[in-house]
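Breakdown of the fold
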Amino acid sequence: MKRSLVALALVAGICHAMGGAAPVVDSRMTFEEALGDRMVPDSIQSRLRLVAVRYWGFDDRLHEGQILCNQAVVEDIEDLFELIEKIRFPVRSAIPISRWNGSDSASMAADNTYGFAWRGMWGSSVPSWHMKGLALDINPRENPAFKKGRVFPPDAALVPGAPGTLSDTSAVVRFLKKRGWKWGARWRRVQDWQHFEKPLR
Ligand SMILES: [Zn+2]
């Protein structure tokens, strides 16, 4: 017990000496853990990659998380989070949705950012780009979705200009658009402010 405390103190000291506290670890899963228990076909699984990302949280501390996404967008995700860290756009957490057993509503309620999810579009059987790891939802509580007069997650609100909130002029939106991602904020059926997708075949 004593020895491990000394070791901890040493590690803390080294981290401090290196210029700051160690990042808060939000997610450090294996690929299998990130994929979860859902029956995902091999043809999809083989294209998914688990990307380690860093971001500043709303607590003003550096965090470490993971995004499970399609291999075709790994570079986009890495470059996006490099930007997110640099401009200190706050992200609540970036954790594969398997943490919530694939439940979008539970992940949204936790304000979590994620890519791959084995689910269709809301309220329909239409496949979502999340199923191919070609979609990304960012800070859903700050950037809720509006559908037929309802808001998702249910108690969220869009407060323009608030930290972590997206807008037409925000660097995150402009970066993703430049890389060919579409933003869901202005869709007709649902205004999905948290949602981006890159429709690659
Ligand atoms: Zn989405």
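Heads up: the structure comes first, above all this text.
Keep in mind that this is a model prediction, so the values were computed, not measured. Numbering of residues starts from 1 in every chain and runs along the sequence as written. Totals for whole chains, interfaces and linings use all residues, but because this is a predicted model, local features are given only for residues with pLDDT of at least 70 and pairs of side-chain atoms are given and counted only at 80 or more.

**Considerations on the overall build of the protein chain**
The secondary structure content of the protein chain amounts to 6 helices and 11 strands. Between the buried cut of 20 or more and the exposed cut of 12 or fewer other C-beta atoms within 10 Å of a residue's own C-beta lies the partly exposed class, and all C-beta atoms are placed from the backbone. Buried positions account for 36% of the 201 residues belonging to the protein chain. Secondary structure counts use DSSP, requiring at least four H or I residues in a row for a helix and at least two E residues in a row for a strand, with both numbered from the N terminus.

**Remarks on the sheet that holds strand β8 (residues 150–152)**
Between any two strands, at least two bridges found by DSSP are needed for them to pair. Within the open sheet, the 3 strands sit side by side as β8-β7-β10. Their pairing is antiparallel. Either end of the sheet is taken by a strand with one partner, and the two such strands are β8 and β10 (191–192). As defined by bridge partners, strand β7 (residues 145–147) adjoins β8 across 3 bridges and the pair is classed as antiparallel. Pairing of Phe-146 across the sheet is with Val-151, part of β8.

**What about unusual backbone geometry?**
Note: most peptide bonds trans; most residues except glycine with negative phi. A cis amide bond links Phe-152 with the next residue in sequence, Pro-153, at an omega value of -5 degrees. Of note in the backbone geometry, Asp-111 takes a positive phi value of approximately 65 degrees without being a glycine. Inspection of the secondary structure puts Asp-111 in the loop between α5 (104–109) and β5 (112–113). On the basis of neighbour counts, which here come to 20 C-beta atoms within 10 Å, the residue Asp-111 falls in the buried class.

**Concerning the nonpolar core**
If you look at the biggest cluster of nonpolar residues, it comprises 38 residues, and the most contacted ones within it are Ile-67, Cys-69 and Ile-77. Of all the secondary-structure elements, those providing two or more residues to this core are α2 (31–35), β2 (48–56), β3 (62–70), α4 (74–86), β6 (135–137) and α6 (171–178). The greatest single-element share of this core, amounting to 6 residues, is contributed by β2. Note that contacts rest on C-beta atoms placed from the backbone: two residues are in contact if these are within 7 Å. In this structure, Ile-77 is in contact with Val-51, Val-53, Ile-67 and Cys-69, ignoring residues within four places of it in sequence. For our purposes the nonpolar core covers buried Ala, Val, Leu, Ile, Met, Phe, Trp, Tyr and Cys residues that link as a set through C-beta atoms within 7 Å.

**Digging into α4**
Since the α-helix packs 3.6 residues into each turn, any two residues three or four apart lie on the same face. To estimate how far a helix should extend, the number of its residues minus one is multiplied by 1.5 Å. Over its 13 residues, α4 runs 18 Å from end to end, which matches the ideal 18 Å to within 8%, given 1.5 Å per residue. Among the residues making up α4, those that are buried are Asp-76, Ile-77, Leu-80, Phe-81 and Ile-84. All buried residues of α4 lie within an arc of 120 degrees about the axis, which places them on one face of the element. Exposed positions of α4 whose direction lies more than 90 degrees from the buried face are Glu-75 and Lys-86. At its buried positions, α4 is contacted by β2, β3 and α6. Of the residues one or two after α4, Arg-88 is the one with positive phi, at around 55 degrees. Each C-beta atom gives one direction from the helix axis, and the arc is the one those directions make.

**A few points about the sheet that holds strand β11 (residues 195–197)**
In spatial order, the strands read β6-β11-β9; together these 3 strands make up an open sheet with antiparallel pairing. The open sheet has two edge strands, β6 and β9 (182–183), and neither has a second partner. Where β6 and β11 come together, 3 bridges link them in antiparallel fashion. Within the sheet, the bridge partner assigned to Ala-135 lies in β11 and is Glu-197.

By themselves, these observations are geometric and do not establish any function.
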